[in-house]
Amino acid sequence: MDFNLKKLTSDAGVFFTRAVQFTEEKLGSAEKTELDAHLENLIARADCTKNWTEKIFRQTEVLLQPNPIDHTGARIEEFFYEKLDKKIPSRTTNGELLGQYMLDAAKDFGPGTPYGSTLITVGEYQRRLGGAEREFLQTSAINFLTPLRNFLEGDWRTISKERRLLENRRLDLDICKARVKKAKQAEAKAAAEPDFQETRPRNYVLSASASALWSEEVDKAEQELRVAQTEFDRQAEVTRLLLEGISSTHVNHLRCLHEFVEAQATYYAQCHQYMQELQKELSSANSDMYPNSFASNVNPSTSASCPSPISSATLPGVSPPGLASTSTPGSAREPSGPLKIQDVQPPSTGHRKAKVLYDYDAHDTSELSLLADELITVYTVPGMDPDWLVGERGNQKGKVPVTYLELLS
C-alpha cells in the first residue's frame, strides 16, 4: 500500500485551514468572497430543480408501485437488479395474478356452473387489465423515471462535485486574502519601528531586517493570492457552464412528462374499454341465466353512475323478505303488462317501509321517481314483475325498482 505521509499531512493541514476559515465566516470574524449574482441565481435554480425532481421521482415510484415490500418485493428486487447491472425480468402484475386465481378457481368450482363461468369471464379480463398495467409500468419507467434518475444520479452528482470544488477554491482564495492582509499589517508595523528606535542602532538593524522579511512574506502571499484567484475564476466558469445546462434538462424532462401523460391516457383508455366489454358480457350472461334479472330493468342513464346491487327479489323463486306472495303455489306467473297505477289498491297487510339507495328517474307515468336516502312505503300486487314494487310517497304512487331499495323490517 502506497502510504504518503507527507501528502496526508499536507491534506490534513489544508482541510484544517479551510475549516477554520469556514467557521470564522459563520461567526462573522472573517470576510467572505461573494459569488456574482448570475452564478447565485443559477445555483438557486439548480437546487430547486434537484429538490422537486427528486420528490416527483419518488412519488412517481410510489404511484407505479405503491407497496415496495409486498409479497412480490417489486421495488426491492428492482433495486438489487440495478446495483448488479442486470436486466429486470418481466414481472406478473397483481391483476394478472388475480385473473389466474379466478381461472384456477373456476376449474374446481366447475366451468359449467354460473359462478364458474363468470369467474372465467372476469378472470380473463383481469388478466387483460394486468397486462395493460404491466405495459404502462414499463413504458413509464423507460420514458419518465429513467431520465429523472439519470439526472439525479448523473448530471446532479457532477454539478454537486464541481460546486464543492468551487467552495473549496473560494475558501482557499479567502485564506490567501487573509494572509496578504496580515502580512501587510506586519510589514507596516515593522517599517514603523525604526522611528522609535533611532537612538538604538542595533535595534534599528534588527527592525530593518524584519521589515525585509515581511516584505518577502507579502510578495509570497500575493503570489499565492494570484494563483488562488485564477483557480477560483476557472472553477467558477466550469460550474457556471454546468448550471446553465439545467435549462436543457427542463426541456428534456418536459418531453418525458408528455410521454408519461400519453402512457397514462392509453392505459386508462384500455382499462375503460375492457371494463365496458366485461359489463356487457356479464349483462348478456345474466340475461341468459335470469330472463327477469335486474339487468334488463336498470335505467341505462344511471347504471354508470351508481351500482346495481343484487336483491333477493331478483333471484328466481325468492320473494322479497317480509312481502307475502299473493299468487297461489304452483300457479304460472302471467307476463307483466302496462300497470295502471290508478287502479292499484294497497293491500290491507304486506306493505312496509323502504329506504331509497340511489336516485332514480321515472321513465313514464307508471313509475315513481326516487331520491337517495328518502323513506317510502312499498308493497307488491298480483302478477307484478318481482323486480318491481309499488311505492307510495304521500299522494304520489308508482312502480319502483327493487334494486334501488333497502327493505326495512
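Calculation rules
Residues numbered from 1 in each chain as written. Predicted model: local features only at pLDDT ≥ 70, side-chain atom pairs only at ≥ 80, totals over all residues. Heavy atoms only, no water. Helix = DSSP H or I, 4+ residues; strand = E, 2+ residues; numbered from the N terminus. Buried < 20%, exposed > 50% of the residue type's maximum accessible area, 1.4 Å probe, protein only. Pairing = 2+ DSSP bridges. Expected span 1.5 Å × (residues − 1). Polar contact = N/O pair within 3.5 Å; in protein donor to acceptor, adjacent residues only side chain to side chain. Arc of directions from axis to C-beta. Contact = heavy atoms within 4.5 Å. Axes fitted to C-alpha atoms, helices over the stretch in contact; angles between N-to-C directions.

### Some points on the overall build of the protein chain
The secondary structure content of the protein chain amounts to 8 helices and 5 strands. Along the chain direction, N to C, the helices and strands of the protein chain fall in the order α-α-α-α-α-α-α-α-β-β-β-β-β. Here the protein chain, with 409 residues, has 32% of them falling under the buried criterion.

### Remarks on the pairing of strand E2 (residues 375-379)
Burial of E2 is extensive: 4 of the 5 residues sit out of reach of the surface. Summarising the sheet, strand E1 (residues 352-356) and E2 pair through 4 bridges and their orientation is antiparallel. Residue Lys-355 lies in a different strand from E2, and its bridge partner there is Leu-375. Bridge analysis of E2 against strand E3 (residues 388-393) gives 3 bridges, and the strand direction is antiparallel.

### Quick word on helix H2 (residues 37-64)
Relative to the 40 Å expected for 28 residues at 1.5 Å per residue, H2 spans 40 Å between its end C-alpha atoms, a close match to the ideal helical length. The N-cap of H2, judged by a side-chain oxygen 3.2 Å from the amide nitrogen of His-38 a few residues on, is Asp-36.

### Quick word on helix H4 (residues 94-109)
The terminal C-alpha atoms of H4, which comprises 16 residues, lie 22 Å apart, in line with the 22 Å expected from a rise of 1.5 Å per residue. Among all positions of H4, only Gly-95, Glu-96, Gly-99, Met-102, Leu-103 and Ala-106 are buried. Angularly, the buried residues of H4 cover 120° about the axis, an arc narrow enough to put them on a single face. Away from its buried face, by an angle of more than 90 degrees, H4 presents the exposed residues Tyr-101 and Asp-108. Gly-110 sits one or two positions beyond H4 and adopts a positive phi of about 105°.

### Comments concerning the side chain of Gln-235
With respect to the element layout, Gln-235 can be found in helix H6 (residues 201-244). With a relative accessible area of 7%, Gln-235 lands in the buried category. For Gln-235, the residues in contact, after removing those within four places along its chain, are Glu-162, Leu-165, Leu-166 and Arg-169.

### As for the sheet that holds E1
Spatial ordering of the open sheet is given by E4-E3-E2-E1-E5, a layout of 5 strands whose pairing is antiparallel. Each edge of the open sheet carries a strand with a single partner, namely strand E4 (396-401) and strand E5 (405-407). For this sheet, the mean inter-axis angle between neighbouring strands, taken without regard to orientation, is 40°. For E1 and E5, the ladder comprises 3 bridges, and the chain directions are antiparallel. Bridged to Val-356 within E5 is Leu-405.

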